[in-house]
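Descriptive analysis of the structure
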Amino acid sequence: MKTVIWPVYLDSTHTRGQGRKLSKEQSVKEPKLREISQALRKSKIQHIVDHSKSYPASWWEKSGCVIVDQEEKTKMELIRLIASTINRSRRN
């Protein structure tokens, strides 16, 4: 099953109405596609980075997305895993 992860899902600078899925405490300030990809690589989860896509609510912005191909985790579990991995790597 393929799951699309948009950077806005993890972005603490956006509101839930703008697409953020996590609480402010769990989310990351302005996550980059590179960071999302690195977090997935650390967890050994196969994914594809697509730089040309735009989040539908902000179609004018080419934010890109990450397409994850896995069956084990739900979308929210993936988002939490990515955010916590990015937060840990930023602290180091």
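Our structure's up above, just so we're on the same page.
Residues numbered from 1 in each chain as written. Predicted model: local features only at pLDDT ≥ 70, side-chain atom pairs only at ≥ 80, totals over all residues. Heavy atoms only, no water.

The next point concerns the side chain of Ser37. By the element assignment, Ser37 lies in helix α1 (residues 33-42). On the basis of relative accessibility, which here comes to 6%, the residue Ser37 falls in the buried class. Apart from the residues lying within four places of it in its own chain, the contact partners of Ser37 are His47 and Val49. (Helix = DSSP H or I, 4+ residues; strand = E, 2+ residues; numbered from the N terminus. Buried < 20%, exposed > 50% of the residue type's maximum accessible area, 1.4 Å probe, protein only. Contact = heavy atoms within 4.5 Å.)

Glancing now at the sheet that holds strand β1 (residues 2-5). What the three strands build is an open sheet, ordered β1-β3-β2; its pairing is antiparallel. Of all strands in the sheet, those with a lone pairing partner are β1 and β2 (47-50), marking the two edges. For this sheet, the mean inter-axis angle between neighbouring strands, taken without regard to orientation, is 20 degrees. With four bridges joining them, β1 and strand β3 (residues 65-69) adopt antiparallel strand pairing. (Pairing = 2+ DSSP bridges. Axes fitted to C-alpha atoms, helices over the stretch in contact; angles between N-to-C directions.)

This paragraph deals with the packing of α1 against helix α2 (residues 75-91). Closest axis-to-axis distance for the α1/α2 pair is 9 Å, and the angle between their directions is 105 degrees. Viewed along their axes, α1 and α2 adopt a mutual orientation that is roughly perpendicular. For the pair α1 and α2, contact is made by Glu35, Ile36, Ala39, Leu40 and Lys42 and by Leu78, Ile82, Thr85, Ile86, Ser89 and Arg90, respectively. Looking at the contact of α1 with α2 residue by residue, the class counts come to six nonpolar, two polar and three charged. (Parallel < 35°, antiparallel > 145°, perpendicular 65-115°, else oblique. Nonpolar A, V, L, I, M, F, W, Y, C, P; charged D, E, K, R; others polar.)

Turning our eyes to something else, we now look at α1. Every buried residue belonging to α1 is among Leu33, Glu35, Ile36, Ser37, Ala39 and Leu40, and all of these are buried. Tucked into the core, α1 has its buried residues touching β2, β3 and α2. Remark: Lys44 follows α1 within two positions and exhibits a positive phi of approximately 60 degrees.

On to the environment of His51. For His51, the location among the structural elements is in the loop between β2 and β3. Among the residues examined, His51 registers a relative accessible area of 57% and is labelled exposed. When the C-alpha positions of His51 and Lys62 are compared, they lie 7.2 Å apart, and in sequence the two are 11 residues distant. With sequence-adjacent residues up to four places away left out, His51 is seen in contact with Leu33, Lys62 and Gly64.

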